[in-house]
Amino acid sequence: AQSVAQPEDQVNVAEGNPLTVKCTYSVSGNPYLFWYVQYPNRGLQFLLKYITGDNLVKGSYGFEAEFNKSQTSFHLKKPSALVSDSALYFCAVISSGSARQLTFGSGTQLTVLP
Amino acid sequence: DAEITQSPRHKITETGRQVTLACHQTWNHNNMFWYRQDLGHGLRLIHYSYGVQDTNKGEVSDGYSVSRSNTEDLPLTLESAASSQTSVYFCASSGQGGTEAFFGQGTRLTVV
């Protein structure tokens, strides 16, 4: 079975400060890891993914994420937060085995304060 | 541009009625999924399909069914709507393994 944990329901950060949204995962086999963002009353938008290769992956809107195999983590980061980054963020995982369906974490509400 | 669309966007129905939510994608993806989103639970998988005539149960499949008669569509049916099925429903599709899934805009269903 595959699972994702997002330990923080809410993250608050001041505009211009760095932000981190945490994610840990559990899968059998190698993981494919994803971050999605959801704005109010909208669907989920893809931000970035890790499949293989460089542990630091870069995505849309200046976001990046670091894959750490030993800690089974895939934290989302951004060097300088914007008020417009305020949204709900979801981490998701697929096992590189036969499963193709995403398993999501419970989500983290990010609020960037002006 | 390819897209994935859901209809209706909003639906109010009565307890016990059968309801069908539509999902149509033009990505030509084999994989399609239905999720429900509830506060505190994130997104939970209801049903999924890996291709035409293939359907599988997800984590919260009780009271729901799907059918896949072509590549583009995966309608979700609530056999007898219950208040516990009030939720926001998202359809998604994806290509071969390791590719990201694309999501529809969601359907907000209220069962009264």
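What comes next concerns the included structure. As the structure is a computational prediction, the values presented were derived from the model and not from experiment.

### A short note on the packing of aromatic side chains
Applying the stated criterion to the full structure yields 15 aromatic pairs over all chains. Summarising the aromatic geometry, the rings of F104 of chain A and Y35 of chain B are spaced 5.3 Å apart at their centres and angled 90 degrees between planes, so their arrangement reads as edge-to-face. Taken together, the positions of F104 of chain A in strand 11 (residues 103–104) and Y35 of chain B in strand 4 (residues 31–38) put the pair across two chains. On the basis of relative accessible area, Y35 of chain B is assigned to the buried category, the value being 1%. Ring pairing ties together the aromatic residues F34, Y36, F46, F90 and F104 of chain A together with F33, Y35 and F103 of chain B, which thus form one cluster. The ring of F63 of chain A has K78 of chain A lying over it, and the distance from NZ or CZ to the ring centre is 5.0 Å.

### Considering the environment of T15 of chain B
Residue and element names in this part refer to chain B. Relative to the helices and strands, T15 is located in the loop between strand 2 (10–13) and strand 3 (19–25). Linking T15 and V111, residues 96 residues apart in sequence, is a C-alpha distance of 5.9 Å. With residues near it in sequence (within four places) discarded, T15 still touches A81, V111 and V112.

### Some words on unusual backbone geometry
Residue and element names in this part refer to chain B. Each neighbour pair has its own omega, and for S7 with P8 the value is -5 degrees, a cis peptide bond. Position of P8 relative to the elements: it lies in the loop between strand 1 (4–7) and strand 2. Backbone geometry places Q53, a non-glycine residue, at a positive phi of 70 degrees. Judged by its relative accessible area of 66%, Q53 is exposed.

Definitions and cut-offs
Residues numbered from 1 in each chain as written. Chains lettered and ligands numbered in written order. Predicted model: local features only at pLDDT ≥ 70, side-chain atom pairs only at ≥ 80, totals over all residues. Heavy atoms only, no water. Phe/Tyr/Trp six-rings, centres within 6.5 Å; stacked < 30°, edge-to-face > 60°. Helix = DSSP H or I, 4+ residues; strand = E, 2+ residues; numbered from the N terminus. Buried < 20%, exposed > 50% of the residue type's maximum accessible area, 1.4 Å probe, protein only. Lys NZ or Arg CZ within 6 Å of the ring centre and 35° of its normal. Contact = heavy atoms within 4.5 Å.

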